[in-house]
Amino acid sequence: MQRGLYYDELEVGARYLHRPGRTATEADNVLFSSLTMNTQALHLDAAYSESQPFGRRLMNSMWTLATMVGASVSQITQGTLVAQLGLTDISFPAPVFHGDTLYTETEVLDKRPSASRPGQGIVTLRHTGRNQRGEVVAVATRTALMWMSPQSVSESPEGESP
């Protein structure tokens, strides 16, 4: 069974490159924008977008954010995540267009055992998305509540978090 990494397997400073990348399509943009009720013409109206500064439709930035987080799941949080606690410091320094390929990397910024939830720990991750030219298109800091490995929990004294 494939799983992500437990809290105690994550090292501060470690970087994970998530592959393969994901090529953004027009269908992704229209479907995601429609499902999330985002009627922004910059995502849906080609004629309008041509008259705007980028000259073409932009991918919905929330698609970019969701795809970055999603790219990390199989390597980091599959089966080891208790809950996502928050996203902060989100930025989109460059646009993503139909046909661009999004590549994601994740860095572990910080971690600490949970004070109120034995067997669990809080991990802070930074997801960075780059296009096929290596340009940073998105950055987000994510806080996640993660399971500790069953082995580390069973080895700790009762009632204490490792």
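Just so it is clear, the structure is predicted and the values come from calculations on it, not from any experiment. (Residues numbered from 1 in each chain as written. Predicted model: local features only at pLDDT ≥ 70, side-chain atom pairs only at ≥ 80, totals over all residues. Heavy atoms only, no water.)

Caption draft 1: Region of the structure containing the overall build of the protein. Along the backbone of the protein there are 5 helices and 5 strands. Ordered by position from N to C terminus, the α and β elements of the protein give β-α-α-α-α-β-β-β-β-α. Relative to its 162 residues, the protein shows a buried fraction of 39%. Expressed as a percentage of contacts within the protein between residues at least 6 apart in sequence, the contacts between residues at least 24 apart total 71%. Surface exposure of the protein reaches about 8700 Å², of which carbon and sulfur atoms provide 53%. Considering the protein, the positive charge centre built from 13 side chains and the negative charge centre built from 16 side chains are found 3 Å apart. (Helix = DSSP H or I, 4+ residues; strand = E, 2+ residues; numbered from the N terminus. Buried < 20%, exposed > 50% of the residue type's maximum accessible area, 1.4 Å probe, protein only. Contact = heavy atoms within 4.5 Å. Areas by Shrake-Rupley, 256 points an atom, 1.4 Å probe, with all protein chains shown as cover. Lys, Arg positive; Asp, Glu negative; His and termini not counted. Charge placed at Lys NZ, Arg CZ, Asp CG, Glu CD.)

Caption draft 2: Highlighting the layout of surface pockets. Considering only enclosed or pocket space, the largest pocket measures out at about 160 Å³ in volume. Around the largest pocket sit His43, Phe54, Leu58, Met59, Asn60, Ser61, Thr64, Phe92, Ala94, Pro95, Val96 and Val137, which together line it. Residue composition of the lining of the largest pocket, by class: 8 nonpolar, 4 polar and no charged. (1 Å grid on protein atoms, 1.4 Å probe; cavity = no way out; pocket = protein on both sides within 12 Å on 5 of 7 lines; lining within 4 Å. Points joined across faces, edges and corners; volume = space filled by probe spheres on them. Nonpolar A, V, L, I, M, F, W, Y, C, P; charged D, E, K, R; others polar.)

Caption draft 3: Here's a closer look at the packing of aromatic side chains. Going through the model one piece at a time under the given rule, you end up with 1 aromatic pair. Relative to Phe97, the ring of Phe54 lies with its centre 6.2 Å away and its plane at 65°, an arrangement referred to as edge-to-face. Residue Phe54 is found in the loop between α3 (46-50) and α4 (61-77), and its partner Phe97 is found in the loop between β2 (81-91) and β3 (101-113); the two are separated by 43 residues along the sequence. Overall, Phe97 belongs to the buried group, its relative accessible area being 8%. Across from the ring centre of Phe97, 3.6 Å away, lies the NZ or CZ of Arg56, which sits over that ring. Note that Lys111 overlies the ring of Tyr7, its terminal NZ or CZ placed 4.4 Å from the centroid. (Phe/Tyr/Trp six-rings, centres within 6.5 Å; stacked < 30°, edge-to-face > 60°. Lys NZ or Arg CZ within 6 Å of the ring centre and 35° of its normal.)

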